[in-house]
Amino acid sequence: VKGIGQAAFSVVQNPFIMNNSTDNERIHVFSVNHASTCMASVIGSLLAGVMPAAIAFLIDFSGAADGVEAKTLRISLSVSIIFVVVSLIPVFMIKEKVSENAIPSGKRTFSIKEVVKSKNIFALTFHRLLIGMGAGFTLPFFNVFLTDSFNASNEEISMVTMGSRIVLTIATLM
């Protein structure tokens, strides 16, 4: 589900930025957008690891010294859902700008056959599909691997994820 959402977002995001920025602003808007996305993932990783422990400390749900109980994880997930709902507010405030070059809605046609048959589009997207599928099948189990192999806690896994995203952010900004 996350992968489908990210794919849909990435397809819409770039044309939206293109339509809502001038030529002079565009490079800066794309850069700020990517940097803020990276930083949001760093903060999200930090919160994902710290929030269950903080809730366990505040409510005193912690039964084991090295783990966080399911109740704190459920509460953390509920809090994260609130973040998602609040983040939708700006999305509903977006007003679509109609371009002078826009094709009238009755004349727009889209055929998945044409997309699949296009060698250029296939060449540009097939490797991304394979990488995305591979990552989608393996990355969700990264925390299970760290827990089983190294007895890592949620906080430690969060710090590893956050560290990797910080490195990605720095590399992106170089």
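Residues numbered from 1 in each chain as written. Predicted model: local features only at pLDDT ≥ 70, side-chain atom pairs only at ≥ 80, totals over all residues. Heavy atoms only, no water.

**Details of the overall build of the protein**
A tally of helices and strands in the protein yields seven helices and zero strands. Listing each helix as α and each strand as β along the protein from the N terminus yields α-α-α-α-α-α-α. Among the 174 residues that make up the protein, the fraction classed as buried is 13%. Counted over contacts in the protein with a minimum sequence separation of 6, partners at least 24 positions apart contribute 50%. Accessible surface, the protein as shown: approximately 14,000 Å² in total, 69% of it carbon and sulfur. (Helix = DSSP H or I, 4+ residues; strand = E, 2+ residues; numbered from the N terminus. Buried < 20%, exposed > 50% of the residue type's maximum accessible area, 1.4 Å probe, protein only. Contact = heavy atoms within 4.5 Å. Areas by Shrake-Rupley, 256 points an atom, 1.4 Å probe, with all protein chains shown as cover.)

**Looking at the pattern of salt bridges**
The tally for this structure, following the rule as stated, stands at one salt bridge. Ionic pairing is found between Arg26 and Asp23, a salt bridge with its closest N-O pair at 2.8 Å. Taken together, the positions of Arg26 and Asp23, both in helix H2 (residues 23–59) and three residues apart, correspond to about one turn of that helix. Given the relative accessible area of 64%, Asp23 is considered exposed. (Salt bridge = Lys/Arg side-chain N within 4 Å of Asp/Glu carboxyl O.)

**Notes on unusual backbone geometry**
Even without being glycine, Asn151 reaches a positive phi, approximately 50°. Topologically, Asn151 is positioned in the loop between helix H6 (142–150) and helix H7 (154–173). The class of Asn151 is exposed, set by a relative accessible area of 66%.

**A short note on the packing of H2 against helix H3 (residues 70–92)**
Running from amino to carboxyl end, H2 crosses H3 at an angle of 120°, the nearest separation of the two axes being 9 Å. Crossing of H2 over H3 shows right-handed handedness. Contacts between H2 and H3 involve Met51, Pro52, Ile55, Ala56 and Ile59 from the former and Thr72, Leu73, Ile75, Ser76 and Val79 from the latter. Taken together, the residues of the contact of H2 with H3 break down into eight nonpolar, two polar and no charged. (Axes fitted to C-alpha atoms, helices over the stretch in contact; angles between N-to-C directions. Left-handed = near helix turned anticlockwise from the far one by under 90°. Nonpolar A, V, L, I, M, F, W, Y, C, P; charged D, E, K, R; others polar.)

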